[in-house]
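Residue strings, one per chain:
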Amino acid sequence: MIRDNKPLMAEIDRIAEVAGYLWEKGWAERNGGNISVNITRLLTAEELSMTPLTTDIALEEPVEALNGQVFYVTGTGKRMRYVAKAPFCHGALIGITAGGTSYHILAEKPIAPTSELPSHLLMHNYLRTSGRQTNVVLHTHPTDLIGLTHCTPYLDSEKLTRLLWSMIPECRIVVPGGIGIVPYEIPGTLALAHATIKQLSRNDVVFWEKHGVLAVGEDIIDCFDAIDTLSKSAQIYFSARAAGYEPEGMTNRQLDDLAEAFRL
Ligand code: 13P
Ligand code: ZN
């Protein structure tokens, strides 16, 4: 019984905790957002060879580096506020099979994975191939960050990174790699997945124009914190603008001093 595995259940609890934050933050309207976490390292050999609940389901594009890996993935159409309460009723464990060309559902219920599975798997595959320790892909719909992507001058990765960093010192520290921006693509498509992985060579956080944000990392709480800190910066910026002035922002010198002080 998968629920007897304490390290696994501790990780599932952390996923549920973050799902609750996404809802509380107002970033998860209806089924907005999705989560995938590589949990292979937490499973026993016996659990890794459990009988699947489904036959193999073909993937549109192979993810060779993920062969044999197991992920917790939220279900398509599922609501974060319910993932928070019952993660195994609104998501499932899936295993990548057949050299990375397909997957099957392992536990606990045959819940179809998120429509963004192509992006999640291509991201995990790219990061694993690059030797990066990233177990988590977190996608959500933060109102303020999406708002910024509705304004053409901000659709410039360097400019928007600089703007958000300069609102509060923590942003420079918590999101040292800055953000990447992917021009609008239809949700759930391979085109979106391909455009996203291009951004990962430089960034751990990617904005999808007029749609949402993704963070990748080793730990789901850290992924949430990165997006939360960027959201705080956006709120400072919008508050100042709403009060009728352009915020000064920290100077380049102040940002450079921070990078030096925190060895970023
Ligand atoms: P899913 O319900 O399929 O995960 O879709 C939600 C979403 O945010 C799509 O980008
Ligand atoms: Zn989305």
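Residues numbered from 1 in each chain as written. Chains lettered and ligands numbered in written order. Predicted model: local features only at pLDDT ≥ 70, side-chain atom pairs only at ≥ 80, totals over all residues. Heavy atoms only, no water.

Peer 1: What exactly am I supposed to notice about helix 9 (residues 220–242) here?
Peer 2: Every α-helical turn comprises 3.6 residues, leaving residues that sit three or four positions apart pointing alike. Look at helix 9: 33 Å from first C-alpha to last across 23 residues, which is about the 33 Å you get at 1.5 Å a residue. Sitting at the head of helix 9, Asp219 places a side-chain oxygen 2.8 Å from the backbone nitrogen of Ile221. Of the residues trailing helix 9, Gly244 is marked for its positive phi of about 100 degrees. (Helix = DSSP H or I, 4+ residues; strand = E, 2+ residues; numbered from the N terminus. Expected span 1.5 Å × (residues − 1). Polar contact = N/O pair within 3.5 Å; in protein donor to acceptor, adjacent residues only side chain to side chain.)

Peer 1: Would you explain the environment of Cys151 in this entry?
Peer 2: Tracing the chain through its elements places Cys151 in the loop between helix 5 (143–148) and helix 6 (157–165). Placed 58 residues apart in sequence, Cys151 and Glu209 show a C-alpha to C-alpha distance of 9.6 Å.

Peer 1: Just to check I follow, could you spell out the coordination of the zinc ion (ligand 2) for this structure?
Peer 2: Metal coordination angles have textbook ideals: 109.5 degrees for a tetrahedral set of four donors and 90 or 180 degrees for an octahedral set of six. The protein atoms that coordinate the zinc ion (ligand 2) are His139 (NE2), His141 (NE2) and His211 (NE2), at distances of 2.1 Å. Considered as a linear motif, the donors of the zinc ion (ligand 2) on their single chain read H-x1-H-x69-H. Separated by 70 residues along the polypeptide, His141 in the loop between strand 6 (136–140) and helix 5 and His211 in the loop between strand 8 (205–208) and strand 9 (212–217) bring together distant segments of the chain. Just as His141 is buried, His211 falls in that class too. (Donors = N, O, S within 2.8 Å, 3.2 Å for Na, K, Ca; no water. Buried < 20%, exposed > 50% of the residue type's maximum accessible area, 1.4 Å probe, protein only.)

Peer 1: Which parts of the structure should I look at to understand the site of ligand 1?
Peer 2: Taken together, Asn31, Gly32, Gly33, Asn34, Thr76, Gly77, Thr114, Ser115, Glu116, His139, His141 and His211 make up the full set of residues near ligand 1. With respect to ligand 1, the side chain of Asn31 contributes an N or O atom lying 2.7 Å from an oxygen atom. Summarising the interface, the protein chains cover 93% of the accessible area of ligand 1, which totals 310 Å² for the free molecule. Taken together, the residues that form the shell around ligand 1 break down as no nonpolar, 11 polar and one charged. (Near = heavy atom within 4 Å. Areas by Shrake-Rupley, 256 points an atom, 1.4 Å probe, with all protein chains shown as cover. Nonpolar A, V, L, I, M, F, W, Y, C, P; charged D, E, K, R; others polar.)

Peer 1: What is the right way to read the pairing of strand 6 from this model?
Peer 2: For a regular strand, side chains alternate in direction, first toward one face of the sheet and then toward the other. Counting buried residues in strand 6 gives five out of five residues, a clear majority hidden from the surface. Both faces of strand 6 are covered, namely the face carrying Val136, Leu138 and Thr140 and the face carrying Val137 and His139.

Peer 1: What am I meant to see in unusual backbone geometry here?
Peer 2: Following Ala107, the chain continues into Glu108 via a peptide bond in cis, with omega recorded as -15 degrees. With respect to the helices, strands and loops of the structure, Glu108 is situated in the loop between strand 5 (102–107) and helix 4 (117–129). The phi angle at Ala98 is positive, at roughly 50 degrees, despite the residue not being glycine. Its location among the elements puts Ala98 in the loop between strand 4 (91–97) and strand 5.

Peer 1: For this particular structure, what's the right way to read helix 1 (residues 6–24)?
Peer 2: A rise of 1.5 Å per residue sets the reference length of helix 1, with its 19 residues, at 27 Å; its end C-alpha atoms lie 27 Å apart and thus fit the reference within 8%. Along helix 1, the positions that sit buried rather than exposed are Leu8, Met9, Glu11, Ile12, Ile15, Ala16, Val18, Ala19, Gly20 and Leu22. Summarising the contacts, the buried residues of helix 1 are in contact with strand 1 (34–38), strand 3 (70–74), helix 3 (80–83), strand 4, strand 6 and helix 9. Residue Asn5 occupies the N-cap position of helix 1, its side-chain oxygen lying 2.9 Å from the main-chain nitrogen of Leu8. Of the residues one or two after helix 1, Gly26 is the one with positive phi, at around 80 degrees. (Contact = heavy atoms within 4.5 Å.)

Peer 1: Mind showing me how you'd approach the pattern of salt bridges here?
Peer 2: Opposite charge on two side chains lets them pair, provided their charged atoms get close. With the rule as written, the count across this model stands at eight salt bridges. The partner of Glu108 in a salt bridge is Arg3, and the shortest N-O contact between them spans 2.5 Å. Linking Glu108 in the loop between strand 5 and helix 4 with Arg3 in the segment before helix 1, this pair joins segments that are 105 residues apart in sequence. Residue classification places Glu108 among the partly exposed residues on the basis of a relative accessible area of 28%. You can call Arg3 partly exposed: its relative accessible area is 39%. Asp228 is paired through a salt bridge with Lys25; the nearest N and O atoms lie 2.8 Å apart. With Asp228 in helix 9 and Lys25 in the loop between helix 1 and strand 1, the pair connects residues that are 203 residues apart, well separated along the chain. Look at the salt bridges and you will find they share partners, linking Glu11, Arg14 and Asp219 into a network. (Salt bridge = Lys/Arg side-chain N within 4 Å of Asp/Glu carboxyl O.)

Peer 1: Can you help me understand the sheet that holds strand 7 (residues 179–182) in this one?
Peer 2: Whenever strands of a sheet pair, they do so through backbone hydrogen bonds, lying parallel or antiparallel. The strand order across the open sheet built from nine strands is 2-5-4-3-1-6-9-8-7, with neighbouring strands paired in mixed fashion. With partners counted over all chains shown, the strands left at the sheet margins are strand 2 (57–58) and strand 7, one partner each. Relative to strand 3, strand 1 is paired through three bridges, and the arrangement is antiparallel. The residue of strand 3 that forms the bridge with Val37 is Tyr72. Its contacts with the sheet place helix 1 against strand 1, strand 3, strand 4 and strand 6, and it is angled at close to 160 degrees to strand 1. Set on the sheet, helix 9 makes contact with strand 1, strand 6, strand 7, strand 8 and strand 9; between it and strand 6 the angle comes to about 35 degrees. (Pairing = 2+ DSSP bridges. Axes fitted to C-alpha atoms, helices over the stretch in contact; angles between N-to-C directions.)

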